[in-house]
Amino acid sequence: MELRVALGLALLCAALEAAPAGPQPRSAVGQFWHVSDLHLDPTYHITPDRTKVCSSSKGANASNPGPFGDFLCDSPYQLILSAFAFMKDSKEQVSFMIWTGDSPPHVPVKELSTKLVISIIGNMSSTIRNFFPDLQVFPALGNHDYWPQDQLPVTTSEVYNAVADFWKPWLNDEAINTFRKGGFYTQLFESGDSSQPLRIISLNTNLYYSPNSVTVNITDPASQFAWLEAILETSSQNKEKVYIIGHVPVGYLPYARNTTAIREYYNERLVKIFRKYSSVIAGQFFGHTHRDSIMVLLDEEEKPVNSLFVAPAVTPVKNVWQMESNNPGVRLYQYDILDYSLLDLWQFYLDLRDANKKNESNWKLEYILTKTYGIEDLKPESLYEMAKQLSMPHSTLFKQYYSNFIVLQHSRSAFFNRPVGAEELMSLLRISVAVEGL
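All figures in this text were calculated on a predicted structure; none of them were measured in a lab.

The rules we used
- Residues numbered from 1 in each chain as written.
- Predicted model: local features only at pLDDT ≥ 70, side-chain atom pairs only at ≥ 80, totals over all residues.
- Heavy atoms only, no water.
- 1 Å grid on protein atoms, 1.4 Å probe; cavity = no way out; pocket = protein on both sides within 12 Å on 5 of 7 lines; lining within 4 Å.
- Points joined across faces, edges and corners; volume = space filled by probe spheres on them.
- Helix = DSSP H or I, 4+ residues; strand = E, 2+ residues; numbered from the N terminus.
- Nonpolar A, V, L, I, M, F, W, Y, C, P; charged D, E, K, R; others polar.
- Pairing = 2+ DSSP bridges.
- Axes fitted to C-alpha atoms, helices over the stretch in contact; angles between N-to-C directions.
- Phe/Tyr/Trp six-rings, centres within 6.5 Å; stacked < 30°, edge-to-face > 60°.
- Buried < 20%, exposed > 50% of the residue type's maximum accessible area, 1.4 Å probe, protein only.
- Lys NZ or Arg CZ within 6 Å of the ring centre and 35° of its normal.
- Expected span 1.5 Å × (residues − 1).
- Contact = heavy atoms within 4.5 Å.

1. Concerning the layout of surface pockets
- Volume-wise, the second largest pocket comes out at about 210 Å³.
- What lines the second largest pocket is a set of 16 residues, and nearest its centre among them are I281, A282, S341, K379 and P380.
- Among the secondary structure elements, those contributing two or more residues to the lining of the second largest pocket are β7 (281–286), β9 (304–310) and α9 (380–390).
- Classifying every residue of the lining of the second largest pocket by side-chain character gives seven nonpolar, five polar and four charged.

Here it is in structure tokens:
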């Protein structure tokens with residue numbers, strides 16, 4: 001029996017009026033940033049015609065556009081600048097940053113091109129370097145980081161080569177050469193604080209994404225499965241710890257019952273590999289869904305063995321038919337520098353309506369995971385216990401969970417101003433804990 005993951009749990013806590021001082025690292029604690037889904041829309045501008053504020057609204061009326069964006073539009077450059085300015089000005093002592101993809105906007109295929117996609121990824125890469133010239137960054141490609149979108153190839157391409165050149169300041173020659181061939185790579189994180197090495201594996205999970213017609217019926221696209229197993233086996237022998245990063249996550253989508261984000265076959269292959277090397281993998285980090293959620297990987301005996309995190313997006317965009325969007329978010333992780341186990345998560349957000357009204361960005365602390373749930377750390381055992389709390393009938397925590405799932409996007413108020421139980425919320429969000437046979 002193949003036990004697949006899937007607690008799509010978003011993290012919870014009521015909005016804080018103002019962010020307290022940032023996390024105070026204890027001795028033997030390291031920190032790193034995680035940003036995802038920037039989705040720059042270069043066409044964004046304020047105009048009386050609400051249908052022409054941004055191409056990413058696809059002709060719909062922007063709801064309440066301002067300098068930092070709109071919930072029917074992808075990110076204006078000013079929003080992205082405000083996110084990185086907040087991170088820089090916070091003066092957090094971080095060891096590195098992970099950036100899990102998707103720079104171009106959600107627009108019809110005919111409005112982009114290979115040249116435009118490359119230009120936007122280059123713009124975002126240089127923006128990050130300008131804000132953090134000395135910081136090690138580990139990026140991953142998203143499904144929109146290609147043209148046409150989703151159709152990432154299994155061999156070298158113009159986009160892979162161009163992006164490899166953009167990322168040369170962060171990656172070594174071996175990583176760059178691997179990336180050129182298939183859009184994935186691995187690299188050791190050099191730290192003087194730990195005797196145990198940390199290896200970053202950046203997967204191109206877009207190869208497994210259902211809309212990717214290039215990889216239909218290919219058993220091992222770009223031989224990434226074989227490569228991944230070989231890297232993890234070497235890491236095991238060398239007593240390394242590993243962080244997996246990627247864009248499209250494994251496991252079930254948080255808003256579609258029994259539907260995996262990637263094709264079922266590929267999902268099962270990845271879960272099997274991750275389970276086999278769960279003692280080596282210290283954490284997994286993804287984006288893509290734009291929602292704040294957690295997954296816990298269980299082994300064959302239903303014991304929690306791996307923690308997986310999906311970061312909310314910087315872009316606030318939603319489709320017209322969606323009930324909710326998300327406020328822009330960025331996050332900070334704390335880890336034990338001795339074994340790279342995850343200790344805590346600080347989620348920050350921008351209240352988009354408030355920022356537009358005041359014409360200034362005031363990024364705030366949304367929640368601290370361990371304080372919110374009263375758990376000790378972010379290890380799989382702790383998160384699994386947290387998950388069981390949320391799945392209890394009539395859980396009072398679940399409304400708060402949903403609030404953080406959408407990063408405190410306040411139009412949900414009408415939805416919550418009525419009696420509603422955790423079971424109903426689970427049904428609405430299509431969240432499940434599933435044990436299925438192959």
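2. Let's talk about the sheet that holds strand β8 (residues 293–298)
- Strand order in the open sheet formed by six strands is β4-β5-β6-β7-β9-β8, with mixed pairing between adjacent strands. The two strands at the open ends of the sheet, each matched to only one other strand, are β4 (185–189) and β8. Averaged over all pairs of adjacent strands, the angle between strand axes in this sheet comes to 20 degrees, irrespective of strand direction.
- Pairing geometry for strand β6 (residues 241–245) and β7, over four bridges, is parallel.

3. Focus on the packing of aromatic side chains
- Applying the stated criterion across every chain yields a total of 32 aromatic pairs.
- Between W33 and F348, the aromatic rings sit 6.1 Å apart at their centres with planes inclined by 55 degrees, giving tilted as the arrangement. Linking W33 in strand β1 (residues 29–35) with F348 in strand β11 (residues 342–349), this pair joins segments that are 315 residues apart in sequence.
- By relative accessible area, F348 is classed as buried at 5%.
- Their ring planes at 15 degrees and their centres at 5.9 Å tell us that F86 and W363 sit as a pair that is stacked. With a gap of 277 residues between them, F86 in helix α1 (residues 77–89) and W363 in the loop between α7 (352–358) and β12 (364–368) connect regions that are remote in the sequence.
- Since its relative accessible area comes to 17%, F86 is described here as buried.
- Each residue in the set F32, F96, F138, F189, Y243, F285, F309, Y333, Y335 and Y340 is aromatic and connected to the rest through ring pairs, giving one cluster.
- Stacked on the ring of W170, the Lys or Arg R129 has its end atom at 5.6 Å from the ring centre.

4. Points about helix α2 (residues 114–131)
- For α2, spanning 18 residues, the distance from its first C-alpha to its last is 26 Å, which sits close to the expected 26 Å at 1.5 Å a residue.
- Along α2, the positions that sit buried rather than exposed are T114, V117, I118, I120, I121, G122, M124, S125, T127, I128 and F131.
- Looking at the buried side of α2, the elements it contacts are α1, β2 (96–99), β3 (136–139) and α3 (158–166).

5. Overview of unusual backbone geometry
- A cis amide bond links W147 with the next residue in sequence, P148, at an omega value of -10 degrees.
- Along the polypeptide, P148 turns up in the loop between β3 and α3.
- Although it is not a glycine, N217 adopts a positive phi angle of roughly 70 degrees.
- The residue N217 is located in the loop between β5 (198–202) and α5 (224–237) in this model.
- Unlike most non-glycine residues, K239 shows phi in positive territory, near 60 degrees.
- Positionally, K239 belongs in the loop between α5 and β6.

Don't take any of this as a statement about function, it's just geometry.
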